[in-house]
Amino acid sequence: MSLAPALRRKRRKELATAAGFLSPWLIGFGVFFAYPLIATVYFSLTHYDGFNPPSFVGFKNYDYVITKFPFFWQSVRNTAWLVVVMVTLRTIFGMGIGMLITKIKTGGGFFRTAFYLPYLAPPVAATIAFAFLFNPGTGPVNHYLADLGIAHPPGWFNDPNWSKPSLVLLSLWGIGDLMVIFMAALLDVPAEQYEAASLDGANSWHRWRYVTLPNIMPIIMFAVITGVIQTLQYYTQAIVAGQVASGQIGGSGQQFEPGYPNGSTWTLPQLVYNIGFQRFDYGAACVVSILLFLIAMACTSLLMRRRSGLMAED
Amino acid sequence: MSNVATTPDSADSGLTSKPARANKGVPNSSAIAFRKAKRRRTLEWIAVHSVGLAVALVFILPFVFLFLTSVMTDDQALSSNYWPTHWVWSNYRAIFDVPGFGTWWKNTVEYAVLGTLLTVVSSVPVAYALAKFRFPGRRLAMMLVISMMMLPPQVIIIPMYLFWAKQMNMDGTLWPLIIPMAFGDAFSIFLLRQFLLTIPKEYLDAAKVDGCGELRTLIKVVLPMAKPAISAVALFQFFYCWNDYFGPQIYASDNPAAWTLSYGLQSFHGAHHTNWNLTMAATLLVMAPVIIVFFFAQKAFIEGVTLTGVKG
């Protein structure tokens, strides 16, 4: 390790330059990531209502949330349901629309825009729009279904059995981002591989199964894992749909309890909000945060281990 | 496709016709194969485009309904008519009379513009260093950026809220959302770095040979080349701020003067729960800037999505 002094000086200068460029993020990492993560763990072990100083209570909050808090298991079940159904359907549907768009020869610009625009709609606006469209009494969707002779159309956001499927429909409407990613991946599949497969007598199913699928597998994995992480954060649509469908005022009143109708749209992020900011039990809210953190980090490490290009060097 | 050329009937027609006429009216085998392939292609074209059109209509229909409802009268918005009997354009003026609506616009624009500027200025140098510098721990740094990007905001919201509310006394404002953007945004850093990796090292070396320091290289050489990625990051961040609901709800819900459009919109509905026409007009107005900006910057935006989609 006997570097020449000049070389060592150069190394040190390089490191200082790097640190200079990285400094905004280094501060941000400490203040907005490392500190709050550690603090979340600490608060989860205390009783803290925001007024009296936090007092250490050990694992009492964990016991309270997991065994006694009324909506905990319901939130876990709903979140799991959304993760499985929403991610599966979004991935399949995103891939389908991506394949469709690569086959479209005429008017591609129109089709791309049509599929992409809903993704841009602000979630709150999109949710209010869907709550209006799917309104069981006055919405156009059920008017149409009645015209088609369907006597008992679903209650959509107002029916506990339909509220989650309605949220899935809303999320499928905003598939534009996945469409673009799949489109790019599909166009990247080498044409020679299709030609070679055709020469070997492969029909279109074989070509899809043995050429397309293996080529886009990394993108499917990417879509699934990021989809799971996104669904773990699922918040705005669930809470706004509940508020609009129930006709309850949100905003400064803050009296709206998530989960409408009948607890069917409770999710873990709403649990953090409800326990922390509506019940002012910051310690117990941190228990849910830690649970979310553990699941999200498990997914992230999967994403980084898969050779998905996230860590690509030059 | 390959077995079409040797069907029996096409071979037949080649045999029974006189050689002289074969060149004119009667098709030979390859012409039939060509025509068959052509018909197949036409059928496929029709199938693909009709499926595409049907799906595209379903995607567009909600916008059409929103628009039609937004120009209806109160009563009609609740009726079963799909087409407005009178076109009530004044609905769009009426929503600005709702207290707060103008303030929410101002707040949203402020949040989105300031947030975007701060994000770009603070994220570019970080991404540049992560893409092009050699230093110990750069892999670790990149892993941390990805972890930050993937972290649900609800995981750290309790200590963050307590920090801004108790230590900094800034609850009831949007500053707790804007200030952190001056310290680099993980997603923007990631996207910019993916792009900067594609810039050949030779350009940077050439700048160094010409005597540029790192900062000058960044400003004079890298920035002009990274324009598409920077516009993508700016757009994403602008839309993120514009659409943000969770942030304003946590920090500004007690102070309507600090609400943004996304947060105010649902209370707007609550305050006018039967006025679907006004609610839909407001909803469309909140969507409009995002859609207008997208039409002007489509290319940069799509490139950005593709870049984060990661090459397999």
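Our subject in this report is the structure included herewith. (Residues numbered from 1 in each chain as written. Chains lettered and ligands numbered in written order. Predicted model: local features only at pLDDT ≥ 70, side-chain atom pairs only at ≥ 80, totals over all residues. Heavy atoms only, no water.)

### As for the overall build of chain A
Check the secondary structure of chain A and you find 13 helices and two strands. The C-alpha radius of gyration of chain A comes to 25 Å, more than 25% above the 20 Å expected for a compact globule of 314 residues. The buried share of chain A, reckoned over its 314 residues, is 54%. Sequence separation of 24 or more characterises 64% of the internal contacts of chain A that already satisfy a separation of 6 or more. On chain A, roughly 14,200 Å² of surface is accessible, and the fraction owed to carbon and sulfur atoms is 64%. Of note, chain A has its 20 positive side-chain charges centred 9 Å away from the centre of its 14 negative side-chain charges. (Helix = DSSP H or I, 4+ residues; strand = E, 2+ residues; numbered from the N terminus. Rg over C-alpha atoms; globule rule 2.2 N^0.38 Å. Buried < 20%, exposed > 50% of the residue type's maximum accessible area, 1.4 Å probe, protein only. Contact = heavy atoms within 4.5 Å. Areas by Shrake-Rupley, 256 points an atom, 1.4 Å probe, with all protein chains shown as cover. Lys, Arg positive; Asp, Glu negative; His and termini not counted. Charge placed at Lys NZ, Arg CZ, Asp CG, Glu CD.)

### A few points about a nonpolar patch on the surface
Among the surface-exposed residues, B:Phe67, B:Trp83, B:Trp87 and B:Trp89 lie close enough to one another that they form a single nonpolar patch of about 470 Å² accessible area. Looking at the secondary structure, you find B:Trp87 in the loop between helix 4 (74-78) and helix 5 (91-94). (Patch = residues over 30% accessible without salt bridge, like charges linked within 9 Å, V, L, I, M, F, W, Y side chains within 5 Å. Salt bridge = Lys/Arg side-chain N within 4 Å of Asp/Glu carboxyl O.)

### Some points on the packing of helix 1 (residues 5-44) of chain A against helix 8 (residues 157-167) of chain B
Helix packing for two helices is described by the angle between their axes and how far apart those axes are. At their nearest, the axes of helix 1 of chain A and helix 8 of chain B sit 8 Å apart, and the two run at 105° to each other. The angle between helix 1 of chain A and helix 8 of chain B places the two elements in the roughly perpendicular class. Residues A:Val31, A:Phe32, A:Tyr35, A:Pro36, A:Ala39, A:Thr40 and A:Phe43 of helix 1 of chain A pack against B:Pro159, B:Met160, B:Leu162 and B:Trp164 of helix 8 of chain B. Taken together, the residues that form the contact of helix 1 of chain A with helix 8 of chain B break down as 10 nonpolar, one polar and no charged. (Axes fitted to C-alpha atoms, helices over the stretch in contact; angles between N-to-C directions. Parallel < 35°, antiparallel > 145°, perpendicular 65-115°, else oblique. Nonpolar A, V, L, I, M, F, W, Y, C, P; charged D, E, K, R; others polar.)

### Here we look at the interface of chain A and chain B
Between chain A and chain B, the residue contacts involve 105 residues of the former and 108 residues of the latter. Summed over both partners, the interface of chain A with chain B comes to about 9,300 Å²; 76% of that surface belongs to carbon and sulfur atoms. Summed over the three residues of chain A that lose the most area to chain B, namely A:Phe21, A:Trp25 and A:Phe32, the buried surface amounts to 9% of that side. Inspection of the region where chain A meets chain B yields zero salt bridges. At the boundary of chain A with chain B, the tally comes to 10 residue pairs in polar contact (both at pLDDT 80 or more). Residue contributions to the side of chain A that touches chain B peak at 20 residues, all from helix 1 of chain A. (Buried area = accessible area lost by both parts, 1.4 Å probe. Polar contact = N/O pair within 3.5 Å; in protein donor to acceptor, adjacent residues only side chain to side chain.)

### Side note on helix 7 (residues 138-150) of chain B
Three or four residues apart is the spacing at which side chains of an α-helix point the same way, because the helix has 3.6 residues per turn. Over its 13 residues, helix 7 of chain B runs 19 Å from end to end, which matches the ideal 18 Å to within 8%, given 1.5 Å per residue. All of the buried residues along helix 7 of chain B are B:Arg138, B:Ala141, B:Met142, B:Val145, B:Ile146, B:Ser147, B:Met148, B:Met149 and B:Met150. Elements that come into contact with the buried residues of helix 7 of chain B comprise helix 1, helix 10 (204-232) and helix 13 (282-305) of chain A together with helix 6 (101-132) and helix 10 (186-196) of chain B. (Expected span 1.5 Å × (residues − 1).)

### Some points on the layout of surface pockets
The computed volume of the largest pocket comes to approximately 1,100 Å³. The wall of the largest pocket is formed by 25 residues, among which A:Lys103, A:Tyr194, A:Ser204, A:Arg207 and B:Glu44 lie closest to the centre. Top element by residues in the lining of the largest pocket is helix 3 (residues 29-70) of chain B. It accounts for six residues. Looking at side-chain class alone, the lining of the largest pocket contains 10 nonpolar, eight polar and seven charged residues. (1 Å grid on protein atoms, 1.4 Å probe; cavity = no way out; pocket = protein on both sides within 12 Å on 5 of 7 lines; lining within 4 Å. Points joined across faces, edges and corners; volume = space filled by probe spheres on them.)

### Section: the environment of A:Asn203
All names here are of chain A. Locating Asn203 in the fold gives a position in the loop between helix 9 (191-199) and helix 10. According to the relative accessible area criterion, Asn203 is partly exposed, its value standing at 39%. Looking at Asn203, its side chain comes within polar contact range of the main-chain nitrogen of Trp205, at 3.1 Å.

### Quick word on empty space enclosed by the protein
Here the idea is plain: a probe the size of a water molecule rolls over the atoms and shows the empty space left. Under the defined criterion, the tally for this structure stands at four cavities of 30 Å³ or more. Here the second largest cavity defines a volume of roughly 80 Å³. Contributions of two or more residues to the lining of the second largest cavity are made by helix 6 (140-147) of chain A together with helix 3 of chain B. Within the lining of the second largest cavity, the residues separate by chemical class into six nonpolar, seven polar and no charged.

### With respect to the environment of A:Tyr116
Looking at the secondary structure, you find A:Tyr116 in helix 4 (residues 108-120). Judged by relative accessible area, which is 1%, A:Tyr116 ranks as buried. Considered as a pair, A:Tyr116 and A:Leu291 are 175 residues apart in the sequence and their alpha carbons are 34 Å apart. Apart from the residues within four sequence positions on either side, A:Tyr116 is in contact with A:Gly176, A:Asp177, A:Met179, A:Val180, B:Phe294, B:Phe301, B:Ile302 and B:Val305.

### Looking at the packing of aromatic side chains
Overall, the coordinates contain 54 aromatic pairs over all chains when judged by the stated rule. Aromatic side chains A:Phe130 and A:Trp173 sit 5.1 Å apart centroid to centroid with 45° between the ring planes, which places their arrangement in the tilted category. With A:Phe130 in helix 5 (residues 123-133) and A:Trp173 in helix 7 (residues 163-173), this residue pair connects regions lying 43 residues apart in the sequence. On the accessibility criterion, A:Trp173 (6% relative accessible area) is buried. The interplanar angle of 25° and the centroid separation of 5.9 Å between the aromatic rings of B:Trp87 and B:Trp89 together place this pair among those described as stacked. The cationic tip of A:Lys164 hangs over the ring face of A:Trp81; the distance from NZ or CZ to the ring centre is 5.7 Å. Positioned over the ring face of A:Phe51 is B:Lys166, at 5.5 Å from the centre of the ring. (Phe/Tyr/Trp six-rings, centres within 6.5 Å; stacked < 30°, edge-to-face > 60°. Lys NZ or Arg CZ within 6 Å of the ring centre and 35° of its normal.)

### Thoughts on the pattern of salt bridges
Residues and elements named next belong to chain A. Taken as a whole and judged by the stated rule, the model has six salt bridges over all chains. With its nearest N and O atoms 3.5 Å apart, the salt bridge here joins Arg90 to Asp177. Remark: Asp177 occurs in helix 8 (residues 176-188) and Arg90 occurs in helix 3 (residues 72-103); sequence separation between them is 87 residues. Comparing Arg90 with Asp177, the two get one shared label, buried.

### Brief notes about helix 3 of chain B
For helix 3 of chain B, which comprises 42 residues, the first-to-last C-alpha distance of 61 Å matches the rise-based estimate of 62 Å (1.5 Å per residue) to within 8%. A bend of about 35° at B:Ile60 is the largest found in helix 3 of chain B, and the proline B:Pro62 appears one to four places after it. (Bend = angle between axes of the 7 residues up to and from the residue.)

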